[in-house]
Amino acid sequence: AQTVTQSQPEMSVQEAETVTLSCTYDTSESDYYLFWYKQPPSRQMILVIRQEAYKQQNATENRFSVNFQKAAKSFSLKISDSQLGDAAMYFCAYREKETSGSRLTFGEGTQLTVNP
Amino acid sequence: AAGVIQSPRHLIKEKRETATLKCYPIPRHDTVYWYQQGPGQDPQFLISFYEKMQSDKGSIPDRFSAQQFSDYHSELNMSSLELGDSALYFCASSFGGYQPQHFGDGTRLSIL
């Protein structure tokens, strides 16, 4: 079974600075999806960014970018120019590609605090 | 843009009662997923449906059942409720079984 590990339960960053959240995963599959979801205090689950394993290029969405290291099974999220609204719980998630309607497997989450 | 609609937003039940949670996917989305998130935990997958057929099944208790209807909405039926069932229940939907999942705002279920 696939597992996702986030080794940083909490992180903090100063407003306007950059922070990197770590994620590692374990799978025997060669093609799959990886995601970062954000859960603010409202408890909504918001998709931040997606990466397909067969794509070499790291995904980028505005201030959010990933560092995908397939061989190391590492998938970190970099947030640039951090804003107060970025404060949230961030979940890394894995999804296999072969089965339609397959589940997301989440890591334990990293609570990000943004200091003014 | 239309989002995933879940109802009710909050539900309070007593032990041994039953509950039904409803999920209306984003228009044209044909795949629905259910997750359970306990306090301070990550979401745990329960079950999913693609084109009204069960496509993946997680650690869903036998006391729970779910289905997807012809209009693609889904219902999660929970019986013999236990204190440990208190959680936030998310529904997500996707267009096709391979596209990103978009989550609803969740139903907060409290068991007294």
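Let me begin by describing the structure that accompanies this report. (Residues numbered from 1 in each chain as written. Chains lettered and ligands numbered in written order. Predicted model: local features only at pLDDT ≥ 70, side-chain atom pairs only at ≥ 80, totals over all residues. Heavy atoms only, no water.)

### What about the interface of chain A and chain B?
The condition that has to hold: Contact between two residues is taken to exist if any of their heavy atoms lie within 4.5 Å; hydrogens are not considered. Here the quantity called buried area is the total loss of accessible area, with a 1.4 Å probe, experienced by two parts when brought into contact, counted for both. We count a salt bridge whenever a side-chain nitrogen from Lys or Arg sits within 4 Å of a carboxyl oxygen from Asp or Glu. Pairing of N or O atoms within 3.5 Å defines a polar contact, subject to two protein rules: one partner must be a possible hydrogen donor and the other a possible acceptor, and residues neighboring in sequence count only if both atoms are side-chain atoms.
Contacts between the two partners involve 22 residues from chain A and, on the opposite side, 25 residues from chain B. Summed over the three residues of chain A that lose the most area to chain B, namely Arg-43, Ser-100 and Arg-103 of chain A, the buried surface amounts to 30% of that side. The tally of links from chain A across to chain B stands at one salt bridge. Asp-56 of chain B serves as the salt-bridge partner of Arg-103 of chain A, at 2.9 Å between the closest nitrogen and oxygen. Counting across the chain A and chain B interface gives ten residue pairs in polar contact (both at pLDDT 80 or more).

### Here we look at the sheet that holds strand E3 (residues 19-24) of chain B
Residues and elements named next belong to chain B. So the rule is basically this: In short, DSSP must find at least two bridges between two strands for them to pair. Only DSSP runs of H or I with at least four residues qualify as helices, and only runs of E with at least two residues qualify as strands; both kinds are numbered from the N terminus onward. As a rule, the C-alpha atoms of each element are fitted with a line to give its axis, helices using only the stretch in contact, and angles between N-to-C directions run from 0 to 180 degrees.
Judged by pairing direction, the sheet is antiparallel, and its four strands sit side by side in the order E1-E3-E8-E7 without closing on themselves. Here the strands that pair on one side only, and so sit at the sheet edges, are strand E1 (5-7) and strand E7 (64-68). Averaged over all adjacent pairs, the angle separating strand axes in this sheet is 15°, with direction ignored. Pairing geometry for E7 and strand E8 (residues 74-78), over five bridges, is antiparallel. In the sheet register, Gln-67 faces E8, and the bridge partner there is Glu-75.

### Describing unusual backbone geometry
Stated formally: With a 1.4 Å probe rolled over the protein chains alone, any residue whose accessible area is under 20% of its type maximum counts as buried; one over 50% counts as exposed, and the rest are partly exposed.
Each neighbour pair has its own omega, and for Ser-7 of chain B with Pro-8 of chain B the value is -10°, a cis peptide bond. Mapped onto the fold, Pro-8 of chain B is located in the loop between E1 and strand E2 (10-13). Phi at Asp-81 of chain A is positive, roughly 50°, even though this residue is not glycine. Tracing the backbone shows Asp-81 of chain A in the loop between strand E9 (74-79) and strand E10 (88-96). Taking relative accessible area as the criterion, Asp-81 of chain A reaches 40% and is therefore assigned partly exposed.

### Some thoughts on the pairing of strand E6 (residues 53-57) of chain B
All names here are of chain B. Inspection of the sheet shows strand E5 (residues 44-50) paired to E6 by four bridges, in the antiparallel sense. Within the sheet, the bridge partner assigned to Phe-49 lies in E6 and is Gln-54. In this antiparallel pair of consecutive strands, E5 and E6, the connection spans two residues, and Glu-51 shows a positive phi of 50°.

### Describing the packing of aromatic side chains
Cut-off, in case you're wondering: Pairing of aromatic side chains requires ring centres within 6.5 Å, counting the rings of Phe and Tyr and the six-membered ring of Trp. Pairs whose planes differ by under 30 degrees are stacked, by over 60 edge-to-face, and all others tilted. We count a charge as sitting over a ring when the NZ of a lysine or the CZ of an arginine lies within 6 Å of the ring centre and within 35 degrees of the ring normal.
Overall, the coordinates contain 15 aromatic pairs over all chains when judged by the stated rule. Members of the aromatic cluster, each reached through a chain of ring pairs, are Tyr-33, Phe-35, Tyr-37, Phe-91 and Phe-106 of chain A together with Tyr-35, Phe-45, Phe-90 and Phe-103 of chain B. The ring of Phe-95 of chain B has Arg-28 of chain B lying over it, and the distance from NZ or CZ to the ring centre is 5.7 Å.

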